[in-house]
Amino acid sequence: MTSSSLPQRRFPFASSLATFAFCTTFAQAALADDAADVLNLVRQHVAAQTRFDVPALTALTADNYVEVSPMGEVDTREKMLAFYAPEKKTATPVITVEEPLVRVTGGTAVLIGKLAISVNAGGQQRQMAMRASYVAIKEGANWKLMSAQYTGIAPKRPAQ
């Protein structure tokens, strides 16, 4: 091996290394964008629920959407949409998505978060919380919810 051939062999390696680093950085940025998009999707879904906005809920959910209610009932998309029919609208609580943890793998994402709920009951504000898990799928360029599960979080009891 001559000394003049050594730099020629290193260049393809260095070029491959730079390409790998660029692609890895690009992939991480795409995952971060997808995670932000899924969090935004869940926030839009929660807002549509509080507004009893059936067209928005329809647009945000996949045709095969299913959810597990806080009561443990399995509801199809049709049943969920019927629950939020505008004529059934009641006073709705203020709900915020907290502690979101988003994991994205390919065209599927899972978000686990806490829904902080503030309800006005009898003139007094009452605070509650639920743990919620969402599964989203990417349809084309857009994310849609495929499922949700809601689990009540028991209030902390004072130490005895």
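Higher on the page you've got the structure.
Quick caveat, the model's predicted, so the values are computed rather than measured.

Colleague: Can you break down the overall build of the protein residue by residue, with the values?
Modeller: Per the secondary structure count, the protein includes three helices and six strands. The order of helices and strands in the protein, counted from the N terminus, is α-α-β-β-α-β-β-β-β. Counting every position in the protein, which comprises 160 residues, the buried fraction comes to 29%. In the protein, 46% of the contacts between residues at least 6 apart in sequence involve partners at least 24 apart. In the structure as shown, the protein presents an accessible area of about 10600 Å², 60% of it carried by carbon and sulfur atoms.

Colleague: Can you tell me about the sheet that holds strand β6 (residues 142-152), naming the residues and giving the values?
Modeller: Strand-to-strand pairing in sheets goes through backbone hydrogen bonds, with the strands running parallel or antiparallel. Pairing within the open sheet is mixed, and its six strands lie in the order β2-β1-β6-β5-β4-β3. Edge positions in the open sheet fall to β2 (74-76) and β3 (94-105), since each of these has one partner strand only. Within the sheet, the average angular offset between the axes of one strand and its neighbour, ignoring direction, is 20°. Looking at chain direction, β3 and strand β4 (residues 108-121) are connected through 10 bridges and run antiparallel. Within β4, the position partnered with I95 by the bridge is I117.

Colleague: Account for unusual backbone geometry, naming residues and giving values.
Modeller: The backbone of F52 sits at a positive phi, close to 55°, despite the residue not being glycine. Note on placement: F52 falls in the loop between α1 (5-51) and α2 (54-60). Accessibility expressed as a relative area gives 9% for F52, which makes it buried. Residues other than glycine seldom take positive phi values, yet E99 does so here, at roughly 50°. Checked against the element boundaries, E99 lands in strand β3. By relative accessible area, E99 is classed as partly exposed at 48%.

Colleague: Give me the pattern of salt bridges: which residues, what numbers.
Modeller: Working definition: two side chains of opposite charge can pair if their charged atoms are close together. The final tally for this structure, using the stated rule, is seven salt bridges. For K144, the salt bridge is made with E139, and the minimal N-O distance between the two is 3.9 Å. Several salt bridges share partner residues, and in doing so they unite E73, D75 and K79 into one network.

Colleague: How would you summarise the side chain of E67 if you had to cite specific residues and measurements?
Modeller: If you trace the backbone, E67 turns up in strand β1 (residues 61-68). Here E67 occupies a buried position and makes no salt bridge, while the nearest side chain of opposite charge, K79, is found at 8.9 Å. Looking at E67, its side chain comes within polar contact range of the side chain of Y65, at 2.5 Å.

Colleague: Outline the packing of aromatic side chains, listing residues and values.
Modeller: Aromatic ring pairs: the centre-centre distance and the angle between the two ring planes describe each pair. All told, the structure shown has four aromatic pairs when counted by the stated rule. Summarising the aromatic geometry, the rings of F83 and Y84 are spaced 4.9 Å apart at their centres and angled 80° between planes, so their arrangement reads as edge-to-face. Accessibility expressed as a relative area gives 52% for F83, which makes it exposed. Overall, Y84 belongs to the buried group, its relative accessible area being 12%. Summarising the aromatic geometry, the rings of Y134 and Y150 are spaced 6.0 Å apart at their centres and angled 85° between planes, so their arrangement reads as edge-to-face. Of this pair, Y134 sits in strand β5 (residues 124-139) while Y150 sits in strand β6, and the two are 16 residues apart along the sequence. For the pair Y134 and Y150, a shared accessibility class is recorded, and that class is buried. Taken together, the aromatic side chains of F52, F83 and Y84 make up a single cluster linked through ring pairs.

Basis of the calculations
- Residues numbered from 1 in each chain as written.
- Predicted model: local features only at pLDDT ≥ 70, side-chain atom pairs only at ≥ 80, totals over all residues.
- Heavy atoms only, no water.
- Helix = DSSP H or I, 4+ residues; strand = E, 2+ residues; numbered from the N terminus.
- Buried < 20%, exposed > 50% of the residue type's maximum accessible area, 1.4 Å probe, protein only.
- Contact = heavy atoms within 4.5 Å.
- Areas by Shrake-Rupley, 256 points an atom, 1.4 Å probe, with all protein chains shown as cover.
- Pairing = 2+ DSSP bridges.
- Axes fitted to C-alpha atoms, helices over the stretch in contact; angles between N-to-C directions.
- Salt bridge = Lys/Arg side-chain N within 4 Å of Asp/Glu carboxyl O.
- Lys, Arg positive; Asp, Glu negative; His and termini not counted.
- Polar contact = N/O pair within 3.5 Å; in protein donor to acceptor, adjacent residues only side chain to side chain.
- Phe/Tyr/Trp six-rings, centres within 6.5 Å; stacked < 30°, edge-to-face > 60°.

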